[in-house]
Amino acid sequence: MIIDIPEGKDPIGYVWGEMVPGIGVAAAGFSLSVYEHSTLGLREFEAARLRIAQINGCLFCQDWRTERDGQKVEAEFPEAVTDWRTTERFDERTRLAAEYAERYATDHHGLDEQFWARMFAQYSQAEVVELSMSIGSWLAFGRLNRVLGLDTVCVLPGH
């Protein structure tokens, strides 16, 4: 970790809440709202989130599993996300979520009309906007955690 944390302080709470409260608290609120208010299905949500976690290299984000109504994705899901192009575990919406996350993070200029035609055949405009905002949150904040080394000191809440 490259940030000095005062003795006895939780690194995440300190960086996200105390160091820059005018920004960190708002960022944390946005990050949490992605989980609290998503209308996307769990599998497509997790496919996009995990693909960004893999690209960012955030250890905490790769270990995290979103839970909804007591349900989580299966243990083999991260491997399927890595192999999103060929896995038989994904339906078209889930595959597109992983593809969109990867391209959003690594080749957003390459999102062409053909891609958007496939995307809008599976997702409504509101869902695309929601997925885009979610991916943006994961990309920014997961990368922040990784770059600052916070991902090595994060503890999964309730685990």
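For clarity, every value in this text was computed on a predicted model and none was experimentally measured.

**Student:** What should I look at first to understand the packing of helix 6 (residues 92–106) against helix 8 (residues 125–148) in this one?
**Tutor:** Each pair of packed helices can be summarised by the angle the axes make with each other and by the distance between the axes. Relative to each other, helix 6 and helix 8 sit at 50 degrees, their axes nearing to 10 Å. With respect to helix 8, the element helix 6 is oriented oblique. The crossing of helix 6 and helix 8 is right-handed. Between helix 6 and helix 8, the contacting residues are Arg 93, Ala 97, Tyr 100, Ala 101, Tyr 104 and Ala 105 on the first element and Glu 127, Val 128, Leu 131, Ser 132, Ile 135, Gly 136 and Leu 139 on the second. Across the contact of helix 6 with helix 8, the residue classes tally to nine nonpolar, two polar and two charged.

**Student:** Help me understand the pattern of salt bridges in this model?
**Tutor:** When the charged atoms of two side chains with opposite charge come close together, those side chains can pair. The tally for this structure, following the rule as stated, stands at twelve salt bridges. Of the charged contacts in the structure, one is a salt bridge between Arg 89 and Glu 74, with a shortest N-O distance of 3.7 Å. In this pair, Arg 89 is assigned in the loop between helix 5 (77–82) and helix 6 and Glu 74 in the loop between helix 4 (59–63) and helix 5, connecting sequence segments 15 residues apart. Residues joined in a network through salt bridges with shared partners are Arg 43, Glu 74 and Arg 89.

**Student:** Looking at this model, I keep getting lost on helix 1 (residues 11–19). Mind explaining?
**Tutor:** Listed in full, the buried residues belonging to helix 1 are Pro 11, Tyr 14, Val 15 and Trp 16. Contacts made by the buried residues of helix 1 are with helix 2 (21–36) and helix 8.

**Student:** Mind showing me how you'd approach the packing of helix 3 (residues 42–56) against helix 8 here?
**Tutor:** In contact at an axis separation of 9 Å, helix 3 and helix 8 are set at 30 degrees when each is read in the N-to-C sense. Relative to helix 8, the element helix 3 is oriented roughly parallel. Relative to helix 8, helix 3 is oriented so that their crossing is right-handed. Facing helix 3, whose interface residues are Phe 45, Ala 48, Arg 49, Ile 52, Ile 55 and Asn 56, helix 8 presents Leu 131, Ile 135, Trp 138, Leu 139, Gly 142, Arg 143 and Arg 146. Considered class by class, the residues forming the contact of helix 3 with helix 8 number eight nonpolar, two polar and three charged.

**Student:** What is the right way to read a nonpolar patch on the surface from this model?
**Tutor:** A surface patch of nonpolar side chains, about 280 Å² in accessible area, is lined by Met 19, Val 20 and Ile 23. Tracing the backbone through its elements, the reader meets Met 19 in helix 1.

**Student:** Could you clarify how one ought to interpret unusual backbone geometry in this entry?
**Tutor:** Trans peptide bonds make up the majority, and among non-glycine residues the majority have a negative phi. Here Asp 69, not a glycine, exhibits a phi torsion of approximately 50 degrees, which is positive. Looking at the secondary structure, you find Asp 69 in the loop between helix 4 and helix 5.

**Student:** Please clarify how the nonpolar core should be interpreted in this entry.
**Tutor:** Inside soluble globular proteins, nonpolar side chains tend to come together where they are buried. Counting 28 residues, the largest nonpolar core has Met 119, Tyr 123, Leu 131 and Ile 135 as the members making the most contacts within it. Elements with a contribution of two residues or more to this core: helix 3, helix 5, helix 6, helix 7 (113–122) and helix 8. With six residues, helix 3 is the single largest residue contributor to this core. Among the nonpolar cores identified, the runner-up in size contains seven residues, and Tyr 14, Val 15, Trp 16 and Leu 150 belong to it.

What counts and how
- Residues numbered from 1 in each chain as written.
- Predicted model: local features only at pLDDT ≥ 70, side-chain atom pairs only at ≥ 80, totals over all residues.
- Heavy atoms only, no water.
- Axes fitted to C-alpha atoms, helices over the stretch in contact; angles between N-to-C directions.
- Helix = DSSP H or I, 4+ residues; strand = E, 2+ residues; numbered from the N terminus.
- Parallel < 35°, antiparallel > 145°, perpendicular 65-115°, else oblique.
- Left-handed = near helix turned anticlockwise from the far one by under 90°.
- Contact = heavy atoms within 4.5 Å.
- Nonpolar A, V, L, I, M, F, W, Y, C, P; charged D, E, K, R; others polar.
- Salt bridge = Lys/Arg side-chain N within 4 Å of Asp/Glu carboxyl O.
- Buried < 20%, exposed > 50% of the residue type's maximum accessible area, 1.4 Å probe, protein only.
- Patch = residues over 30% accessible without salt bridge, like charges linked within 9 Å, V, L, I, M, F, W, Y side chains within 5 Å.
- Areas by Shrake-Rupley, 256 points an atom, 1.4 Å probe, with all protein chains shown as cover.
- Core = buried A, V, L, I, M, F, W, Y, C linked by side-chain atoms within 4.5 Å.

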